[in-house]
Amino acid sequence: MGASSSWASVSVLMIGRDSPAQKPEYRLYRSGKPRASTRCLIESGSWRFEPPRQFQCDQTLSDIQQNLTSLADLESLATSTQILTSNPEELTAENITAAARIVNTLLLSPNTTESVRVAAVATVSQLLNASAPDDSAENNTTLGLTVTLDQFAVNLSLTLDTSQSQVVQPNLVVQSAQIPAADTQGVQFTSLSGLSGSFVADRIQLNTNTSAVDLENGFIADALIYMRFPPEAARGRQKPSNVSVGFVLYQNDRFFRSRLYRKQRATVRVLSASVRGQEGSVEPPHVEMLFRPTMVNDTTLYDFACVFWNYSLEDWSTDGCSKGNASDGFMTCFCNHTTNFAALWSFREKYEYAEALDWISITGLSVSILGLVLTIIYHVTEKLRRSTTMPLLCTCVSLLAFIITFLSGVQNSSRQNDAPVENAETNSIPDSDEHVEPDRGSCSAVTALLHFFLLATFTWNSLYGTQLVLLVRTMRSHLPPYWRTVSLAVGWGVPAIIMAVTLGATYRVDNPLGYRQEEFCWLAALDKDKQFDFGKPMFWGFLLPVGLILIYNGVLLVLVSLTTCKTDSNLKSSSHLFLWKKFLISFSLAVLLGLSWTLGYLVLVTTGQTHLAFSIIFCICTTTQGLQIFILFTARTQNFRATMRCSVDYVSQSAAEWMFSIDVKLSPS
């Protein structure tokens, strides 16, 4: 064989109820391509290999389909089909269609042998893992294949003349049985949960005579179906006869493409049941099913519907079915007919909502509000007529509005986790497997306001820096006459446009989480796996434009600093006083331009202790930005100091006069 050869078990066949024979199939590989196949047989307690079959590696699925004739070597063609579909992720829609037609022909052929049946069912199991896009021809072919599988299941044990027959593959189970109708109250088919997530033969159980659903203690079922037969039907027979029952269990619903139910992350198993007597089909009046949903991490079951596949509608339907409760991890369904059943379920995310703001944030934001209010009052009363004051004033207004909105509304007050779990009695098909509460408006409104005001803050501080460069580098005392109009249009218009485009492109009333987060009111940033998603509005609606603004502001800071040092001869002095003034000019401009927000980008790309350190520094710098602006642009000015001195003197004098008047009133006349 060579050092590069390897063996791989791919299928298991169980035949007979009393003495099952397990027959794994093995393949011989060379350079990653299968060259031959053989099966290991267990007969009378001893093991032996069948003679290996060599594959024709140059043939395709289309070639096999053309060679399917009554005289063809069906076993070789079936095995080759199984091999050619062994990598389902590489299959195209045309490959799947061809493979499904081959399997359909093989299962309906009167010359089908045991080996052909095993290879055909193994091929179907592999097709269930295919990931080819939706295709109408493929859908029609695979749907036709499900009908053939139902016929194959109900006729298998009759064809083999055995009481029970079973074919188990990782994604597909075919179970068939012949049962005495007169002595049977009901039949139960159960697929028990395993560790691998695949179907295993020893985890498939069939009880041919039970009066009710019976699940042994300590066992967990992935899917269960119980059919109760009418006693009057058994009594009405003149001669004892057998009833053929067949079950087909699909690991997923890939062959059942629904237009009504949009599935993204849920795994929906499909369970088929068929009954046939000597006089034709027999419809049990009571069919009960249990389905265990495979929950996605950090989700809870919200609602489910009990359905069957309606071949006329080519979609799921609830006619003749009702749902029970959803307890002990199972979804209970009841139907009055047999066909392909499923439980379509919807889940709801379990969100970990943001905790209340810590004392650092609250303290910093509170002093920033005070500083911004004083700065706005001072500049409105002292410098309203100066056009150069407008960018600074608008920066303070937008930053103040952002902080107030943030403190009052960033925590989500209309939480989805607070909404009651539906699980209504009505058996209605959910629109999607993921349930999102319709937006109540408040959190999305807060997100839009925060987005707008923060973008406006960065836009206005960038306009302030641009204005400063125009004045300093050109040595002008006045700005161009159009500057005020352009500034107003850019300062408020550009953030409004970005916010509106982001909102319009991602917001939906029935699913607001494409626009915002649920844990707190801010732009959506993470995907379903809690990983940063560059397609979310947090990146292209905020981080990208703010990053460009910060780069531009950094260039403005360098230009202003270089120009000031070059033109002001006083700043060429090496004394500590002049160096301190130079530093204050650059630092004040850096604070106003919001360059401390660059630390936020470092927070995003770091981990561990470095991430913690940058987070603390970022929190302190950004929450106190309003206070920093007040100290550097208001408290340091001579006019403000003079005003404060006059105010203090006035308050002191008023207090002294008030105290004097009280003393006069209290003194004896």
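Attention in this report is confined to the structure presented alongside it. Just so it is clear, the model here is predicted, and its values are computed rather than measured.

1. Structural notes on the overall build of the protein chain
Okay, so step 1: Each helix and strand in the protein chain was counted, giving 16 helices and 20 strands.
Okay, so step 2: By sequence separation, contacts in the protein chain at least 24 residues apart represent 71% of the contacts at least 6 residues apart.

2. Focus: the packing of helix H8 (residues 390-409) against helix H15 (residues 625-635)
Okay, so step 1: Relative orientation of the contacting elements H8 and H15 amounts to 155 degrees, with a least axis distance of 11 Å. As far as their axial angle goes, H15 and H8 are roughly antiparallel. Taken as a pair, H8 and H15 cross one another with a handedness that is left-handed. Of the residues in H15, those touching H8 at Leu-392, Cys-396 and Leu-399 are Gln-625, Gly-626, Ile-629 and Phe-633.
Okay, so step 2: Tallied by class, the residues present in the contact of H8 with H15 amount to five nonpolar, two polar and no charged.

3. Things to note about the pattern of salt bridges
Okay, so step 1: Under the definition given, this model contains 13 salt bridges.
Okay, so step 2: When the shortest N-O distance is used, the salt bridge between Arg-257 and Glu-138 registers 3.9 Å. On the criterion of sequence distance, the pair formed by Arg-257 in the loop between strand S12 (242-250) and strand S13 (270-277) and Glu-138 in helix H5 (residues 136-160) is long-range, its members being 119 residues apart.
Okay, so step 3: Note that Asp-253 and Lys-263 form a salt bridge whose closest N and O atoms lie 3.5 Å from each other. Taken together, the positions of Asp-253 in the loop between S12 and S13 and Lys-263 in the loop between S12 and S13 put the pair 10 residues apart, joining distant regions of the chain.
Okay, so step 4: For Asp-253, a relative accessible area of 8% gives the class buried.
Okay, so step 5: Sharing partners across several salt bridges, the network here consists of Asp-134, Glu-138, Arg-254 and Arg-257.

4. Some remarks on the pairing of strand S15 (residues 286-291)
Okay, so step 1: Most of S15 is tucked away: six of the six residues are buried.
Okay, so step 2: The two faces of S15 match: His-286, Glu-288 and Leu-290 on one face and Val-287, Met-289 and Phe-291 on the other face are all buried.
Okay, so step 3: Note that strand S11 (residues 221-228) and S15 share six bridges and pair antiparallel. The residue of S15 that forms the bridge with Ala-223 is Phe-291.
Okay, so step 4: Pairing analysis gives five bridges linking S15 to strand S19 (residues 331-335), with the strands arranged antiparallel. When the bridges of S19 are listed, Val-287 appears paired with Cys-335.

5. Comments concerning the state of the cysteines
Okay, so step 1: Applying the stated criterion across every chain, the model contains three disulfides.
Okay, so step 2: Disulfide pairing is shown between Cys-321 and Cys-335; the S-S distance is 2.0 Å. Around the S-S axis, the bridge from Cys-321 to Cys-335 shows a dihedral of about 110 degrees and counts as right-handed. One end of the pair, Cys-321, is in strand S18 (residues 321-323); the other, Cys-335, is in strand S19, with 14 residues separating them in the sequence. In this structure, Cys-321 and Cys-335 share a single accessibility class: buried.
Okay, so step 3: Cys-443 shares a disulfide with Cys-521; S-S distance 2.1 Å. The S-S bond linking Cys-443 to Cys-521 shows a torsion near -125 degrees; that makes this disulfide left-handed. Separated by 78 residues along the polypeptide, Cys-443 in helix H9 (residues 442-474) and Cys-521 in the loop between helix H10 (483-506) and helix H11 (537-567) bring together distant segments of the chain.
Okay, so step 4: Among the residues examined, Cys-443 registers a relative accessible area of 1% and is labelled buried.
Okay, so step 5: Take Cys-521: its relative accessible area is 1%, and that puts it in the buried class.

6. Topic: helix H4 (residues 114-127)
Okay, so step 1: Over its 14 residues, H4 runs 20 Å from end to end, which matches the ideal 20 Å to within 8%, given 1.5 Å per residue.
Okay, so step 2: Counting buried residues along H4, 13 of its 14 residues qualify, which places the element largely inside the surrounding structure.

7. What about unusual backbone geometry?
Note on backbone geometry: most residues besides glycine have negative phi, and most peptide bonds are trans.
Okay, so step 1: Residue Glu-314 is not a glycine yet carries a positive backbone phi of 55 degrees.
Okay, so step 2: Residue position: Glu-314 is located in the loop between strand S16 (299-310) and strand S17 (315-317).

8. Some details on the sheet that holds S19
Okay, so step 1: Reading across the sheet, the six strands line up as S10-S9-S11-S15-S19-S18 and stay open at both edges, with antiparallel pairing between neighbours. The open sheet has two edge strands with one neighbour each: strand S10 (204-207) and S18. Adjacent strand axes in the sheet meet at a mean angle of 15 degrees, parallel and antiparallel pairs treated alike.
Okay, so step 2: Sheet analysis places S18 next to S19, joined by three bridges and oriented antiparallel. Paired with Lys-323 across the bridge in S19 is Cys-333.

9. Looking at the packing of aromatic side chains
Okay, so step 1: For the structure on display, the rule yields 18 aromatic pairs.
Okay, so step 2: A network of ring pairs unites the aromatic residues Tyr-250, Phe-255, Phe-256, Trp-309 and Trp-316 as a single cluster.
Okay, so step 3: Directly above the ring of Phe-304 sits Lys-323, whose terminal nitrogen or CZ lies 4.9 Å from the centroid.

10. Quick notes on a nonpolar patch on the surface
Okay, so step 1: A surface patch of nonpolar side chains, about 440 Å² in accessible area, is lined by Leu-544, Leu-548, Ile-551, Val-555 and Leu-559.
Okay, so step 2: Among the secondary structure elements, Leu-548 is positioned in helix H11.
Okay, so step 3: On the accessibility criterion, Leu-548 (54% relative accessible area) is exposed.

11. Description of the environment of Tyr-250
Okay, so step 1: Within the secondary structure, Tyr-250 is located in strand S12.
Okay, so step 2: The sequence separation of Tyr-250 and Asn-171 amounts to 79 residues, and the corresponding C-alpha distance is 6.1 Å.
Okay, so step 3: In contact with Tyr-250, not counting residues within four places along its chain, are Leu-128, Thr-146, Leu-149, Asn-171, Leu-172, Phe-199, Phe-255, Phe-256, Arg-269, Val-270 and Asn-340.

12. Considering the side chain of Thr-146
Okay, so step 1: Along the polypeptide, Thr-146 turns up in helix H5.
Okay, so step 2: Within the local environment of Thr-146, its side chain forms a polar contact with the side chain of Tyr-311, the two groups lying 2.8 Å apart.
Okay, so step 3: Apart from the residues lying within four places of it in its own chain, the contact partners of Thr-146 are Tyr-250, Phe-255, Phe-256 and Tyr-311.

13. Observations regarding the pairing of strand S20 (residues 340-349)
Okay, so step 1: Where burial is concerned, most of S20 is hidden: 10 out of the 10 residues are buried.
Okay, so step 2: Residues Asn-340, Ala-342, Leu-344, Ser-346 and Arg-348 of S20 are buried on one face, and the alternating residues Phe-341, Ala-343, Trp-345, Phe-347 and Glu-349, pointing to the opposite face, are buried as well.
Okay, so step 3: The pairing of S13 with S20 spans three bridges and is antiparallel. Looking at S20, one finds that Val-270 is bridged to Ala-342.
Okay, so step 4: Where S16 meets S20, nine bridges bridge the pair, whose relative direction is antiparallel.

Parameters and conventions
Residues numbered from 1 in each chain as written. Predicted model: local features only at pLDDT ≥ 70, side-chain atom pairs only at ≥ 80, totals over all residues. Heavy atoms only, no water. Helix = DSSP H or I, 4+ residues; strand = E, 2+ residues; numbered from the N terminus. Contact = heavy atoms within 4.5 Å. Axes fitted to C-alpha atoms, helices over the stretch in contact; angles between N-to-C directions. Parallel < 35°, antiparallel > 145°, perpendicular 65-115°, else oblique. Left-handed = near helix turned anticlockwise from the far one by under 90°. Nonpolar A, V, L, I, M, F, W, Y, C, P; charged D, E, K, R; others polar. Salt bridge = Lys/Arg side-chain N within 4 Å of Asp/Glu carboxyl O. Buried < 20%, exposed > 50% of the residue type's maximum accessible area, 1.4 Å probe, protein only. Pairing = 2+ DSSP bridges. Disulfide = S-S within 2.5 Å. Expected span 1.5 Å × (residues − 1). Phe/Tyr/Trp six-rings, centres within 6.5 Å; stacked < 30°, edge-to-face > 60°. Lys NZ or Arg CZ within 6 Å of the ring centre and 35° of its normal. Patch = residues over 30% accessible without salt bridge, like charges linked within 9 Å, V, L, I, M, F, W, Y side chains within 5 Å. Areas by Shrake-Rupley, 256 points an atom, 1.4 Å probe, with all protein chains shown as cover. Polar contact = N/O pair within 3.5 Å; in protein donor to acceptor, adjacent residues only side chain to side chain.

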